[in-house]
Amino acid sequence: MTPRVDVRKTLPMILYMDELRKRVREQLKTAGIADERTETDVLLAAVLRVSRGEVQMRSLLGREVSEADALAVGKAASRRARREPLQHVTGRAPFIDMELAVGPGAFVPRPETESLVMAAVELLGGGESTPAKLTGVDVGSGTGAVALGVARLHGGITMTAIERSSAAWPWLRSNVESYGEGAVATFFGDAARAFAALPSASLDLVVSNPPYVPAANRPESREVWHHDPEAALYSGADGLDFIRRLATWSARALRPEGVLVIEHEDSQGAEIREIVAHAGFSGAATARDLTGRDRITSAVRSASNEDDPGRPAIM
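What comes next concerns the included structure. (Residues numbered from 1 in each chain as written. Predicted model: local features only at pLDDT ≥ 70, side-chain atom pairs only at ≥ 80, totals over all residues. Heavy atoms only, no water.)

Brief notes about the overall build of the chain
Of regular secondary structure, the chain possesses 12 helices and 11 strands. Here the chain holds 315 residues, and 48% of them are scored as buried. In the structure as shown, the chain presents an accessible area of about 15100 Å², 50% of it carried by carbon and sulfur atoms. (Helix = DSSP H or I, 4+ residues; strand = E, 2+ residues; numbered from the N terminus. Buried < 20%, exposed > 50% of the residue type's maximum accessible area, 1.4 Å probe, protein only. Areas by Shrake-Rupley, 256 points an atom, 1.4 Å probe, with all protein chains shown as cover.)

See below:
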């Protein structure tokens, strides 16, 4: 086994930024981090509260690093070397135009989920010039990334972020306070209870990055299965249990022509299109995310579905 380089135990009397960068890079590379150069600068910038450009400039200019700062960097580097998610170590995750607060207990928003937000905004149309204010919900909001992204990019919709996890709740509230600008409300509790409290045909949008991983399929990434909450990942034998319930709830809560948009695994599109069609939606289609995979399915609530006694009751 290759010995781990611990910055905290190898500090000289005076340490310079370029030397600190080299030491952290070596530690991360030894730990198997694929892009150790970029992650080193991200860690340094976060700990020192400067930009990545400033980190690089201080390195080029041969600037010294204080002992306190070097020790703080060493602690952060050791956490990352133990494969704690980079976003948990820095406490921030970039998403669209935001730097979201994240940490243990909250699902870290991925760049691919920006495609979910873009799809929802495009399907809604309108924007600030929309005559009537639209309303929508983000189900299983986590850090609030999707609800905030939709509200900020659309400009003409009020979103409610629904989250039942007490561990994720503080991160959600913090991000809504920072970026919500009065357009995002929060609801703490089960999605079933949230939808039961909504009047029928009262929403224009239901959007969700729900749990969709089959129970037997543990993700390959250790960072995922050690740190992402299980409730945000798994949903029954085929991964679609929650999505089935979501389709039923949404069929009741959406107005005719209201939109349902769901993120999922790239192999689930056909099954989800069948699920939403059975629940009373039309025009189901699956689109690709930023990585080119089929991971976003959307559908429109059929006008003929209103008060259909043949539809399953909300669970």
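Notes on the sheet that holds strand S6 (residues 157-163)
With respect to topology, seven strands assemble into an open sheet ordered S7-S6-S5-S8-S9-S11-S10, the strand pairing being mixed. The sheet terminates laterally at strand S7 (184-188) and strand S10 (281-288), the two strands that pair on one side only. When strand polarity is set aside, the average angle formed by the axes of neighbouring strands in this sheet is 20°. On the sheet, helix H6 (residues 114-124) packs against strand S5 (134-139), S6, strand S8 (203-208), strand S9 (254-263), S10 and strand S11 (294-301) and is oriented at approximately 160° with respect to S9. The strands touched by helix H7 (residues 145-154) within the sheet are S5, S6, S7 and S8, with S6 carrying the most contacts at an inclination of about 175°. (Pairing = 2+ DSSP bridges. Axes fitted to C-alpha atoms, helices over the stretch in contact; angles between N-to-C directions. Contact = heavy atoms within 4.5 Å.)

Section: the pairing of strand S3 (residues 92-95)
Look at any regular strand and the pattern is simple: side chains alternate between the two faces of the sheet. Of the two faces of S3, the one holding Ala93 and Phe95 is buried and the one holding Arg92 and Pro94 is not buried anywhere. Summarising the sheet, S3 and strand S4 (residues 98-101) pair through four bridges and their orientation is antiparallel. Across the sheet, the residue bridging to proline 94 is glutamate 99, located in S4. Between S3 and S4, which pair antiparallel in sequence order, lie two residues; one of them, isoleucine 96, sits at a positive phi of approximately 55°.

Thoughts on helix H11 (residues 241-253)
Spacing of three or four residues puts side chains on the same side of an α-helix, whose turn is 3.6 residues. Over its 13 residues, H11 runs 19 Å from end to end, which matches the ideal 18 Å to within 8%, given 1.5 Å per residue. Turning to H11, its buried residues number three or more, namely Phe242, Ile243, Leu246, Ala247, Thr248, Trp249, Ser250, Ala251 and Ala253. (Expected span 1.5 Å × (residues − 1).)

Let's talk about the pattern of salt bridges
For the structure shown, the criterion picks out 14 salt bridges. Taken together, the salt bridges that share partners define one network made up of Asp97, Arg152 and Glu181. (Salt bridge = Lys/Arg side-chain N within 4 Å of Asp/Glu carboxyl O.)

A look at the packing of helix H1 (residues 17-30) against helix H4 (residues 67-81)
A pair of packed helices can be characterised by two numbers: the angle between their axes and the separation between those axes. Direction vectors running N to C along H1 and H4 enclose 20°, while the axes themselves pass 9 Å from each other. Comparing the axis directions of H1 and H4 gives the class roughly parallel. Of the two possible hands of crossing, H1 and H4 adopt the one that is right-handed. Across the interface between the two elements, Leu20, Val24, Gln27 and Leu28 of H1 pack against Val73, Ala77, Ser78, Arg80 and Ala81 of H4. (Parallel < 35°, antiparallel > 145°, perpendicular 65-115°, else oblique. Left-handed = near helix turned anticlockwise from the far one by under 90°.)

What about the nonpolar core?
In terms of nonpolar packing, the biggest core is built from 30 residues, with Val150, Met159, Val184, Leu205, Val207 and Val261 touching the most fellow members. Where this core is concerned, the elements lending two or more residues are S4, H6, H7, S6, helix H8 (169-179), S8 and S9. Counting residues in each nonpolar core, the second largest holds 28 residues, with Ala191, Ala194, Val213 and Leu240 among its members. (Core = buried A, V, L, I, M, F, W, Y, C linked by side-chain atoms within 4.5 Å.)

Topic: a nonpolar patch on the surface
On the surface, a cluster of nonpolar side chains totalling about 340 Å² of accessible area is made up of Met57, Leu60 and Leu61. By secondary structure assignment, the location of leucine 60 is in helix H3 (residues 52-60). (Patch = residues over 30% accessible without salt bridge, like charges linked within 9 Å, V, L, I, M, F, W, Y side chains within 5 Å.)

As for the environment of lysine 22
The topology assignment puts lysine 22 in helix H1. Here lysine 22 falls in the exposed class, since its relative accessible area comes to 51%. Residues lysine 22 and arginine 37, spaced 15 residues apart in sequence, show a C-alpha to C-alpha distance of 8.8 Å.

Comments concerning the packing of H1 against H3
Relative orientation of the contacting elements H1 and H3 amounts to 115°, with a least axis distance of 7 Å. Of the residues in H3, those touching H1 at Met17, Asp18 and Arg21 are Val55, Gln56, Arg58 and Ser59. Across the contact of H1 with H3, the residue classes tally to two nonpolar, two polar and three charged. (Nonpolar A, V, L, I, M, F, W, Y, C, P; charged D, E, K, R; others polar.)

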